[in-house]
Amino acid sequence: MSALNYSAGFGNQHQSEAIAGSLPIGRNSPQKVARGLYAELLSGSAFTAPRNENLRSWLYRRQPSVVVGSFLPLAHAYLCTGAREGQVSPPDPMRWAPIEMPAEPTDFVEGLRTMAVNGDPDAQLGIATHLYVANQSMGRRAFINADGEMLIVPQQGVLRIATELGLLDVAPGEIALLPRGMAFKVELDGPSRGYVCENYGAAFRLPELGPIGSNGLANARDFLAPVAAFEATPGAYEIVKKYGGSLWCAVQAHSPFNVVAWHGNLTPYKYDTKHFMTIGSISFDHPDPSIFTVLTSPSDTAGWANCDFVIFPPRWMVAEDSFRPPWYHRNVMSEYMGLVLGQYDAKPEGFKPGGSSLHNAYVPHGPDTEAFDKASNADLAPHKLDNTLAFMFETRWRLLPTEFALKGGALETNYAACWAGLTDNFQE
Ligand SMILES: O=C(O)Cc1cc(O)ccc1O
Ligand SMILES: [Fe+2]
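In this text, all values refer to a predicted model and were calculated from it rather than measured experimentally.

Caption draft 1: Representation of the layout of surface pockets within the structure. Of the volumes computed, that of the second largest pocket is approximately 490 Å³. Considering the residues around the second largest pocket, the lining is formed by 22 residues, among which Pro325, Asp345, Lys374, His383 and Leu385 are closest to the centre. Contributions of two or more residues to the lining of the second largest pocket are made by β23 (315–317), α1 (369–377) and β26 (383–385). Looking at the lining of the second largest pocket, the element that brings in the most residues is α1, giving three residues. Residues of the lining of the second largest pocket, tallied by class, amount to twelve nonpolar, four polar and six charged.

Caption draft 2: A look at the coordination of the iron ion (ligand 2). Distances from the iron ion (ligand 2) to its protein donors, namely His329 (NE2), Glu335 (OE), Glu335 (OE) and His365 (NE2), fall within the range 2.0 to 2.5 Å. Relative to the metal, the six donor atoms surrounding the iron ion (ligand 2) lie at angles of 57 to 166 degrees, and the coordination shape comes out irregular. Ordering the donors of the iron ion (ligand 2) by residue number gives the pattern H-x5-E-x29-H. Here His329 and Glu335 have matching classes, each one buried.

Caption draft 3: Highlighting the nonpolar core. Core analysis: the largest hydrophobic core is formed by 50 residues, its most contacted members being Leu151, Val294, Leu295, Phe309 and Phe393. Each of two domains, domain 1 (68–257 + 267–272) and domain 2 (274–413), supplies a minimum of three residues to this core. Each residue touching Val294, except ones within four places of it in the same chain, is listed here: Arg205, Leu206, Pro207, Ala218, Phe223, Tyr271, Phe276, Phe309, Val310 and Ile311. Ranked by size, the runner-up nonpolar core spans 23 residues in total, among them Phe108, Tyr132, Leu168 and Leu188.

Caption draft 4: Focus on the sheet that holds strand β6 (residues 94–96). Read from one edge of the open sheet, six strands run β6-β25-β24-β27-β22-β21, paired in antiparallel fashion. Looking along the sheet, the strands with just one partner apiece sit at the ends: β6 and β21 (293–298). Across the sheet, the mean angle from the axis of one strand to that of its neighbour is 15 degrees, orientation sign disregarded. In this structure, strand β24 (residues 334–341) lies alongside strand β25 (residues 356–359), joined through four bridges in antiparallel fashion.

Caption draft 5: Layout of the UniProt feature "domain: Homogentisate 1,2-dioxygenase C-terminal" (unreviewed entry) in the chain. When the UniProt feature table is mapped onto this chain numbering, "domain: Homogentisate 1,2-dioxygenase C-terminal" (unreviewed entry) sits at residues 274–426. Secondary structure content for residues 274–426 is 9% helix and 27% strand, while the C-alpha to C-alpha distance between its ends is 42 Å.

Caption draft 6: Spotlight on the sheet that holds strand β4 (residues 56–61). Spatial strand order, β2-β19-β4-β3: four strands in an open sheet with antiparallel pairing. Every interior strand has two partners, whereas the edge strands, β2 (14–17) and β3 (38–43), have only one. Strand-to-strand, the axes of this sheet are offset by a mean angle of 20 degrees, without reference to chain direction. Across four bridges, the pairing between β2 and strand β19 (residues 259–264) is antiparallel. Each residue of the ladder has a partner; that of Gln15, found in β19, is His263.

Caption draft 7: The UniProt feature "domain: Homogentisate 1,2-dioxygenase N-terminal" (unreviewed entry) in the chain, seen in detail. Here the UniProt feature "domain: Homogentisate 1,2-dioxygenase N-terminal" (unreviewed entry) sits at residues 6–272. End-to-end, the C-alpha atoms of residues 6–272 are 13 Å apart, and along that stretch the chain is 0% helix and 40% strand.

Caption draft 8: Representation of empty space enclosed by the protein in the model. A full pass over the atoms with the stated rule returns two cavities of 30 Å³ or more. Every residue lining the largest cavity is listed: Val153, Pro154, Gly173, Glu174, Ile175, Thr273, Phe309, Ile311, Val340, Leu389, Ala390 and Phe391. Going through the elements one at a time, β10 (149–156), β13 (174–178), β22 (305–312) and β27 (389–395) are the ones with two or more residues in the lining of the largest cavity. Looking at the lining of the largest cavity, the element that brings in the most residues is β27, giving three residues. Split by residue class, the lining of the largest cavity holds nine nonpolar, two polar and one charged. Domain assignment of the residues forming the lining of the largest cavity places at least three in each of domain 1 (68–257 + 267–272) and domain 2 (274–413). There is about 30 Å³ of room inside the second largest cavity. Lining the second largest cavity, in full, are Arg95, Met337, Tyr344, Lys347, Phe351, Ser357 and Tyr415. Residues belonging to the lining of the second largest cavity are distributed by class as follows: four nonpolar, one polar and two charged.

Caption draft 9: Here's a closer look at the pattern of salt bridges. Counting across every chain of the model gives 16 salt bridges. Across the salt bridge formed by Glu40 and Arg61, the nearest N and O atoms sit 3.1 Å from each other. In this pair, Glu40 sits in strand β3 while Arg61 sits in strand β4, placing the two residues 21 residues apart along the sequence. Pair check on accessibility: Glu40 and Arg61 agree, each one buried. Within this structure, Asp107, Glu110, Arg141 and Glu238 form a network of salt bridges that share partners.

Thresholds, definitions, all that
Residues numbered from 1 in each chain as written. Chains lettered and ligands numbered in written order. Predicted model: local features only at pLDDT ≥ 70, side-chain atom pairs only at ≥ 80, totals over all residues. Heavy atoms only, no water. 1 Å grid on protein atoms, 1.4 Å probe; cavity = no way out; pocket = protein on both sides within 12 Å on 5 of 7 lines; lining within 4 Å. Points joined across faces, edges and corners; volume = space filled by probe spheres on them. Helix = DSSP H or I, 4+ residues; strand = E, 2+ residues; numbered from the N terminus. Nonpolar A, V, L, I, M, F, W, Y, C, P; charged D, E, K, R; others polar. Donors = N, O, S within 2.8 Å, 3.2 Å for Na, K, Ca; no water. Tetrahedral: all angles 85-135°; square planar, octahedral: opposite > 155°, others 65-115°. Buried < 20%, exposed > 50% of the residue type's maximum accessible area, 1.4 Å probe, protein only. Core = buried A, V, L, I, M, F, W, Y, C linked by side-chain atoms within 4.5 Å. Domains from an automatic or database assignment. Contact = heavy atoms within 4.5 Å. Pairing = 2+ DSSP bridges. Axes fitted to C-alpha atoms, helices over the stretch in contact; angles between N-to-C directions. UniProt positions renumbered as here; feature names shortened; annotations may be inferred. Salt bridge = Lys/Arg side-chain N within 4 Å of Asp/Glu carboxyl O.

Written as structure tokens, this is what we have:
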């Protein structure tokens, strides 16, 4: 596959045309659009949302999205939505082994496995955490998620994601952010696995930097939007839509990837986590993990995120007289974690790439016995945590595991045993 071009900058008013002269100049909806294209507005916020939160793009396309026909229900055995489809489970820490690649041909949508849910897409609140396992490109099949935006974290396999606004190539170590309601399809280069945060709440944005200043963490210029690209091959397309927690399917006679030009600030993005500028302790103590926030979806209460996307990338550990890994803690927020590669310092052996863990609100957790012993006795010379990438979807609402998470076979039965060796070392 040839290298793609991108348009850089998070939240910019991007503009792009696959054929020069297709974008209207100085207006959005001229009486006749150049080349016989139709103008279509896709909004990601209410029209009257404050200017700094207003999201919309104008699409100039060969046929408008309304030419689709009617939708019929489409079954999916593993896709769950909102707290209503979660299971009752005890307040124990939970951890899952990586799930197996499917034996049958499975595309990205068919390969979604919901692990945990909260909130309600109709209330525009909460998230779902999914895994995906896939071995087949979507071909002439597109997915539109009207319930939430999709943050994709590949763990294995490079994804070529075709969107209405153009193409993104996304490898492990990179992430993709796909706006709610925008059609996309996923092409594979081989068996692929990864994680998805489906966000029913406010759109992900860069966090405030406060005293950090005007630079650092994820810098806006490192987010890459696609450039306009449309599919010319004629023929029918299956449109799979997630709408109100159910999947629906319609067949239309043409490709939905027929946008010749577009402009606006509602765009898909990719971001390479190797550009994340970490900030950490250069004196003592382990800082709160919020220091590693890449993107945040705020809730109505300041600082209590609907979801924070947090990464634990390669970085130097230099803190003096400090227990360097995460502390033992009980958090009001709920933490779903995944591992893209390498080891996570709080669980060096037990947490595997492709695996997941869930430490829900007030469920105590922290370094396992091995990590505690190692970090309590380590020589505190500067040390590089290298070849590692863990991440966390942290949400203010409790995450309910799904039936697949509890009964699908990957749940560890004795996870809590990793803390059983923490003995009482009290010396009177
Ligand atoms: O529990 C975890 O492993 C995630 C986490 C990491 C950290 O550095 C501090 C707090 C926290 O919840
Ligand atoms: Fe934690």
